[in-house]
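Report on the structure
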Amino acid sequence: MKLENCWMPRALAAAIVVVAVCAGCGLSEQASPAGPPFRPVGSVEDVMHDVVYPHAEVVWDSVGTIITVEGTNEIRPANEDEWMHVMQSAYTLAEAGNLLMMEGRARDSADWMTYANGLIDAAMQVMEAADNRDDQGVFDTGGDLYVVCTACHEQYWEKPPSAMRP
């Protein structure tokens, strides 16, 4: 059998050529694609003031009990639109966690990321409770959201509440 009539060396040679071409074109495992060209618009303070704070307030104000001398007032979403509003605010809070992790906003790669991920996790739990029309669940997970926010503020907030812009 002559070597030129054998398919094995040709197949092996073709495979070597393909691997070499792929490696040369940057298709190897070591090449990593560039990320999307994110363009942060606001500062961390802007995201907190204009995105996180108002939507957290929607969650925290959506369920509760007010006891006065006149009696007890139970607060909960009364219709589908109000439940949807809570879900939309929770969704916005979850995405805000991603905004806070963007390069240029993240204060560090350790605790900051843990808190931002905690914001995402807590907001997703609020979304699930609201989707199930579970007022006690929204109350409880809203408490978890508060704990995450407070822990982050204790470590990173540089201004006292009175210095926050209106």
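All of these numbers come straight from a predicted model, not from anything done at the bench.

Details of the overall build of the chain
Of regular secondary structure, the chain possesses 5 helices and 2 strands. Overall, the chain shows an N-to-C arrangement of helices and strands of α-α-β-β-α-α-α. Counting every position in the chain, which comprises 166 residues, the buried fraction comes to 27%. Counting contacts in the chain only where the partners sit at least 6 residues apart, residues at least 24 apart contribute 63% of the total. Total accessible area computed for the chain in this model is approximately 11500 Å², and 60% of it derives from carbon and sulfur atoms.

Observations concerning the pairing of strand β1 (residues 64-68)
As paired elements, β1 and strand β2 (residues 71-75) share 5 bridges and run antiparallel to each other. Considered in β2, the bridge of G64 is made with I75. The hairpin turn running from β1 into β2, its antiparallel successor, is 2 residues long.

Overview of the pattern of salt bridges
Taken as a whole, this structure holds 3 salt bridges when the rule is applied. Note that E45 and R107 form a salt bridge whose closest N and O atoms lie 3.2 Å from each other. Taken together, the positions of E45 in helix α2 (residues 44-62) and R107 in the loop between α3 (80-101) and α4 (111-131) put the pair 62 residues apart, joining distant regions of the chain. E45 gets classed as partly exposed once you look at its relative accessible area, which sits at 40%. Its relative accessible area of 34% is what places R107 among the partly exposed residues. Here R133 makes a salt bridge to E80, at a shortest N to O gap of 2.4 Å. With R133 in the loop between α4 and α5 (135-156) and E80 in helix α3, this residue pair connects regions lying 53 residues apart in the sequence. With a relative accessible area of 25%, R133 lands in the partly exposed category.

Section: the nonpolar core
Grouped together as the largest cluster of nonpolar side chains are 31 residues, with contacts concentrated most on L93, L100, L119, V138 and L145. For this core, the secondary structure elements donating two or more residues are α2, α3, α4 and α5. Examining the composition of this core, we find that 10 residues originate from one element, α4, more than from any other. Not counting chain neighbours up to four residues away, the residues in contact with V138 comprise V59, S62, V63, W83, V86, V126, A129 and A130.

Quick look at α4
Taking 1.5 Å per residue, 21 residues should reach 30 Å; α4 reaches 30 Å between its end C-alpha atoms and fits that length. Within the span of α4, buried status applies to W112, Y115, A116, G118, L119, I120, A122, A123, V126, A129 and A130. Downstream of α4 by one or two residues, R133 has phi in the positive range, about 55°.

Calculation notes
- Residues numbered from 1 in each chain as written.
- Predicted model: local features only at pLDDT ≥ 70, side-chain atom pairs only at ≥ 80, totals over all residues.
- Heavy atoms only, no water.
- Helix = DSSP H or I, 4+ residues; strand = E, 2+ residues; numbered from the N terminus.
- Buried < 20%, exposed > 50% of the residue type's maximum accessible area, 1.4 Å probe, protein only.
- Contact = heavy atoms within 4.5 Å.
- Areas by Shrake-Rupley, 256 points an atom, 1.4 Å probe, with all protein chains shown as cover.
- Pairing = 2+ DSSP bridges.
- Salt bridge = Lys/Arg side-chain N within 4 Å of Asp/Glu carboxyl O.
- Core = buried A, V, L, I, M, F, W, Y, C linked by side-chain atoms within 4.5 Å.
- Expected span 1.5 Å × (residues − 1).

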